[in-house]
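# Breakdown of the fold
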Amino acid sequence: MKLEYPAFGRIIVDGKTYEHDIVVYPSGRVEKRKKWLSKSKHGTSHKLDPEELGEYLSEEFDVLIVGTGYYGYLSLLPESRELVKDKEVYELPTGKAVELFNELSGKRKVLGIFHVTC
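Here's a quick rundown of the structure. What you see is a predicted model, and the numbers here were worked out from it, not measured in a lab.

Once that is clear, we can look at unusual backbone geometry. The backbone of D14 sits at a positive phi, close to 45 degrees, despite the residue not being glycine. Within the fold, D14 resides in the loop between strand 2 (10-13) and strand 3 (16-18).

Bringing the environment of S27 into the picture now. Its location among the elements puts S27 in the loop between strand 4 (22-24) and strand 5 (30-32). Among the residues examined, S27 registers a relative accessible area of 53% and is labelled exposed. Once the C-alpha coordinates of S27 and V110 are considered, the two residues, 83 residues apart in sequence, prove to be 8.9 Å apart. Within the local environment of S27, its side chain forms a polar contact with the side chain of E59, the two groups lying 2.7 Å apart.

Further remarks concern the sheet that holds strand 3. The strands that make up a sheet are held in pairs by hydrogen bonds between backbone atoms, and each pair lies either parallel or antiparallel. One open sheet holds the three strands; their spatial order is 1-2-3, and the pairing between them is antiparallel. With one partner strand each, in any of the chains shown, strand 1 (3-7) and strand 3 form the two edges of the open sheet. Within the sheet, the average angular offset between the axes of one strand and its neighbour, ignoring direction, is 30 degrees. Where strand 1 meets strand 2, three bridges bridge the pair, whose relative direction is antiparallel. Looking across to strand 2, one finds that E4 is bridged to I12. The strands touched by helix 4 (residues 94-104) within the sheet are strand 1 and strand 2, with strand 1 carrying the most contacts at an inclination of about 160 degrees.

The loop that links strand 1 with its antiparallel partner strand 2 comprises two residues; one of these, G9, has a positive phi angle of about 90 degrees. Pairing between strand 2 and strand 3: three bridges, direction antiparallel. Paired with I11 across the strands is Y18, a residue of strand 3. As consecutive antiparallel partners, strand 2 and strand 3 are separated by two residues, and within that stretch D14 has a phi angle of approximately 45 degrees, a positive value.

Under the criterion given, the structure shown has five aromatic pairs. Here the aromatic rings of F8 and Y71 are separated by 6.3 Å at their centres, their planes lie at 50 degrees, and the arrangement is tilted. Within this pair, whereas F8 is found in the loop between strand 1 and strand 2, its partner Y71 is found in the loop between strand 7 (63-67) and strand 8 (75-76), the two being separated by 63 residues in sequence. Note on Y71: relative accessible area 54%, which makes it exposed. Between F101 and F114, the aromatic rings sit 5.7 Å apart at their centres with planes inclined by 80 degrees, giving edge-to-face as the arrangement. In this pair, F101 sits in helix 4 while F114 sits in strand 10 (residues 110-114), placing the two residues 13 residues apart along the sequence. With a relative accessible area of 0%, F114 lands in the buried category. Grouping aromatic residues by their ring pairs yields a cluster made of F8, Y70, Y71 and Y73. When the ring centre of Y25 is taken as origin, the NZ or CZ atom of R29, which lies over that ring, is 3.8 Å away. Lying over the aromatic face of F61, K87 brings its terminal NZ or CZ to 4.9 Å of the ring centre.

Cut-off values and rules
- Residues numbered from 1 in each chain as written.
- Predicted model: local features only at pLDDT ≥ 70, side-chain atom pairs only at ≥ 80, totals over all residues.
- Heavy atoms only, no water.
- Helix = DSSP H or I, 4+ residues; strand = E, 2+ residues; numbered from the N terminus.
- Buried < 20%, exposed > 50% of the residue type's maximum accessible area, 1.4 Å probe, protein only.
- Polar contact = N/O pair within 3.5 Å; in protein donor to acceptor, adjacent residues only side chain to side chain.
- Pairing = 2+ DSSP bridges.
- Axes fitted to C-alpha atoms, helices over the stretch in contact; angles between N-to-C directions.
- Contact = heavy atoms within 4.5 Å.
- Phe/Tyr/Trp six-rings, centres within 6.5 Å; stacked < 30°, edge-to-face > 60°.
- Lys NZ or Arg CZ within 6 Å of the ring centre and 35° of its normal.

Dropping the structure here:
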């Protein structure tokens, strides 16, 4: 599986372009991020709420990579961090997060959450 972040607002997974935030599971499944769960509680989707994060914990993983956006606005809330305290967690601007995902994918079980805009 290969990810590319060619421009603000777009991410490419194995040649397929997405123009919205996505979640990439260790199995290779890709789905749209359920950011409305965080937005309804915090007024912004830039705070990753534990209820939203919990939606993505259906597959076993070792590493969580959060692509925080082009400018790095998305962040895990402390309560969300508590849900993954026994995992390696990286919060990086999306370009760097994509690079790390590509480096670790296939070697480790990686769960990726990618914010593709700000």
